[in-house]
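Letter by letter, the chains look like this.
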Amino acid sequence: MDSRFPTYYLQDRRVLKATPTAFRLYVVGTAWSVSNMTDGVIPEDDFPLIPLAQPHDAAELVKLGLWAKAADGWQVIDFMKTQTSAAQMETALENRRKADRERQAKARARKKSEQEESPSDIQTSRDGHVTSEGRGKAEAEAEARTIEPPHSENEVDTETGEVFSPPKIPSNNPWANIPMADQSNNQSSSELSPMERFRAEAARRNAS
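Read on for a plain summary of the structure.

Reading the values: rules and limits
- Residues numbered from 1 in each chain as written.
- Predicted model: local features only at pLDDT ≥ 70, side-chain atom pairs only at ≥ 80, totals over all residues.
- Heavy atoms only, no water.
- Helix = DSSP H or I, 4+ residues; strand = E, 2+ residues; numbered from the N terminus.
- Buried < 20%, exposed > 50% of the residue type's maximum accessible area, 1.4 Å probe, protein only.
- Contact = heavy atoms within 4.5 Å.
- Areas by Shrake-Rupley, 256 points an atom, 1.4 Å probe, with all protein chains shown as cover.
- Core = buried A, V, L, I, M, F, W, Y, C linked by side-chain atoms within 4.5 Å.
- Salt bridge = Lys/Arg side-chain N within 4 Å of Asp/Glu carboxyl O.

**Section: the overall build of the chain**
- Each helix and strand in the chain was counted, giving 7 helices and 7 strands.
- Ordering the α and β elements of the chain from the N terminus gives α-α-β-α-β-β-α-α-β-β-α-β-β-α.
- Taken across its 208 residues, the chain has 18% of its residues classed as buried.
- Put simply, 47% of the contacts in the chain that link residues at least 6 apart link residues at least 24 apart.
- Accessible area of the chain: about 16200 Å², with a carbon and sulfur share of 53%.

See the structure below:
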């Protein structure tokens, strides 16, 4: 909390008559009292703690009517009219602490609500099934056993779980689709078809 310097000080004859060092003690002493929440009381034991404070300046402020001599020190006469009291300051600090607590509570509640609306452990697969890591390994294995295994001619994408048929790659061999003669049967050349005879003749030429 900051101390105040009212503009009427510039027209107050008590302030205007003060020497520079006494005026300095009046301003700094008021700020010290606000900072230490003493309500304008300057204890004699704490007087040396005020920067550049001198006893003769304190005596001058008493003579001018800006300070009053007290049993254990001095009292700033107009303190309660111009400055914030200790009780007012304590109330302001408590209100600030309360506002901070309410703000932090709202932040925690908002974060908790966001986590409940979009939990990080729920995932949706590409086929629309919802999986959760929290269901446990046993439940996942039981669900896997109920799924019918795909046909042996099909393949399964290990990342997505999709079942698909692999494309058939055409052969570059021009003779791949031509049926071969059964070599186990000792057929004569007369029993072969024209194409089979052509292939047999080509094989013999390549062998020679």
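**Here we look at the nonpolar core**
- The biggest cluster of nonpolar side chains holds 20 residues, and the ones touching the most others in it are L25, Y26, I42, F47, L61 and W67.
- Those elements giving two or more residues to this core turn out to be α2 (20–36), α3 (55–64) and β3 (73–76).
- Looking at which element gives the most residues to this core, the answer is α2, with 5 residues.
- Among residues more than four places away in sequence, those in contact with F47 are L25, I42, A53, Q54, P55, A58, W67 and W74.

**Remarks on the pattern of salt bridges**
- One pass over the full model with this rule turns up 7 salt bridges.
- Residues E94 and R101 are paired through a salt bridge, measuring 3.4 Å at the closest nitrogen-oxygen approach.
- Across the pair R103 and D100 runs a salt bridge whose closest N-O atoms are separated by 2.4 Å. Within this pair, R103 and its partner D100 are both found in helix α5 (residues 86–117), separated by 3 residues, close to a single helical turn.
- Each of the salt bridges in this network shares a partner with another, and the network as a whole consists of E90, E94, R97 and R101.

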